[in-house]
Amino acid sequence: LSNRLLSFAKEDGAEIAPVVLRELCDDMAYLLQQAAGPQVEVDVQISDGSLTAQVNRDQLELALVNLVVNARDAIKGSGRIVIAASQRGSDIEIRVTDTGPGIPAELRSDLFKPFFTTKAGNGGIGLGLAQVAGMASQAKGTVTIEDAPGGGAMFLIRLPCAEADSTVSAKSA
């Protein structure tokens, strides 16, 4: 946890390395399900075991947990969250979708700002999506929000593909 927080806090100190997404999600399966809660189905749809992104592993793990927690809150603890990935040209695209109500267009431009939150009371401090945006930026990628097909929100993280000759296991990155 300390390494994850430190790599988020450092703007230029994050170690960017190849991360195999299928291995990362397999390693995180229990954590993602625990973050989602017992009434939420977490469906990881990454069948291509060679999808490898150039990113900081700790930051990507934290980003996925943040997105799952936000999705869980949006769907009020019952529904489905899908994490999928595919290659799009020279990028890896990670999609995190939920079956919640979606995000109103007027809020989308503020969601990635530090300390902006839509959660009332003690529901959030507004750093989760700022961390997601910071992770993507440090990896020379992007993150955007769209409406999910059939309803809900879809967060699209685009990260550079790792070079084929530099591919290493996500566990050793």
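Residues numbered from 1 in each chain as written. Predicted model: local features only at pLDDT ≥ 70, side-chain atom pairs only at ≥ 80, totals over all residues. Heavy atoms only, no water.

*Asks:* I'm lost on the nonpolar core in this one. Help?
*Replies:* The tendency in soluble globular proteins is for nonpolar side chains to be buried side by side. Core analysis: the biggest nonpolar cluster contains 43 residues, and L21, L60, L64, I83, I94 and L159 have the highest contact counts within it. If we skip the residues at most four places from it in the chain, L21 touches I46, L51, A53, L60, A85, I92 and I94. (Core = buried A, V, L, I, M, F, W, Y, C linked by side-chain atoms within 4.5 Å. Buried < 20%, exposed > 50% of the residue type's maximum accessible area, 1.4 Å probe, protein only. Contact = heavy atoms within 4.5 Å.)

*Asks:* Could you clarify how one ought to interpret the packing of helix α3 (residues 57–74) against helix α5 (residues 128–138) in this entry?
*Replies:* For any two helices packed against each other, one specifies the inter-axial angle together with the distance between the axes. Viewed as axis vectors pointing N to C, α3 and α5 meet at an angle of 145°, and their least axial separation amounts to 9 Å. Like other packed secondary-structure pairs, α3 and α5 cross with a definite hand, here left-handed. Contact residues: Q59, L60, L62, A63, N66, L67 and N70 in α3; G128, L129, Q131, V132, M135 and Q138 in α5. Of the residues assigned to the contact of α3 with α5, the class counts are seven nonpolar, six polar and no charged. (Axes fitted to C-alpha atoms, helices over the stretch in contact; angles between N-to-C directions. Helix = DSSP H or I, 4+ residues; strand = E, 2+ residues; numbered from the N terminus. Left-handed = near helix turned anticlockwise from the far one by under 90°. Nonpolar A, V, L, I, M, F, W, Y, C, P; charged D, E, K, R; others polar.)

*Asks:* Would you take a moment to explain the pairing of strand β7 (residues 153–160) for this structure?
*Replies:* Consecutive side chains along a regular strand alternate between the two faces of the sheet. For β7, a buried count of seven out of eight residues is recorded, marking the element as mostly surrounded by other parts of the structure. For strand β5 (residues 91–98) and β7, the ladder comprises seven bridges, and the chain directions are antiparallel. Counted as the bridge partner of I92 is L159 from β7. One ladder, built from six bridges, connects strand β6 (residues 142–147) with β7; its direction is antiparallel. When the sheet's bridge partners are listed, D147 is paired in β7 with A153. (Pairing = 2+ DSSP bridges.)

*Asks:* Is there a simple way to think about the sheet that holds strand β4 (residues 79–88) in this case?
*Replies:* Backbone-to-backbone hydrogen bonds join strands into a sheet, with any given pair of strands oriented parallel or antiparallel. The five strands are arranged β2-β4-β5-β7-β6 in an open sheet whose pairing can be described as mixed. Looking at the sheet topology across the chains shown, the edges are occupied by β2 (40–45) and β6. With direction set aside, neighbouring strand axes in the sheet form an average angle of 15°. As defined by bridge partners, β4 adjoins β5 across eight bridges and the pair is classed as antiparallel. Across the sheet, residue R88 finds its bridge partner in β5, namely D91. Across the face of the sheet, helix α2 (residues 21–36) comes into contact with β2, β4 and β5 while running at roughly 175° to β2.

*Asks:* Can you walk me through the pairing of β5 in this structure?
*Replies:* Of all eight residues in β5, seven are buried, a share of seventy percent or more. Hairpin geometry of β4 and β5 is characterised by an intervening segment of two residues between the two adjacent antiparallel strands and by a positive phi of about 65° at G89.

*Asks:* Even after reading the chapter, I still don't get the packing of aromatic side chains, so can you show me in this structure?
*Replies:* How two aromatic rings sit relative to each other is given by the distance of their centres and the angle of their planes. This structure, assessed with the given rule, holds one aromatic pair. Look at F112 and F155: their rings are 6.3 Å apart centre to centre, the planes differ by 90°, and that puts the pair in the edge-to-face class. Of this pair, F112 sits in the loop between α4 (105–108) and α5 while F155 sits in strand β7, and the two are 43 residues apart along the sequence. A single burial state applies to F112 and to F155, both of which are buried. (Phe/Tyr/Trp six-rings, centres within 6.5 Å; stacked < 30°, edge-to-face > 60°.)

*Asks:* Help me out: how do you make sense of the packing of α2 against α3 in this one?
*Replies:* Running from N to C, α2 and α3 cross one another at 35°; their axes reach a closest spacing of 10 Å. α2 and α3 meet at a crossing whose hand is right-handed. Contacts between α2 and α3 involve L21, L24, C25, D27, M28, L31, L32, A35 and A36 from the former and R57, L60, E61, L64, V65, V68, V69 and R72 from the latter. Across the contact of α2 with α3, the residue classes tally to 13 nonpolar, no polar and four charged.

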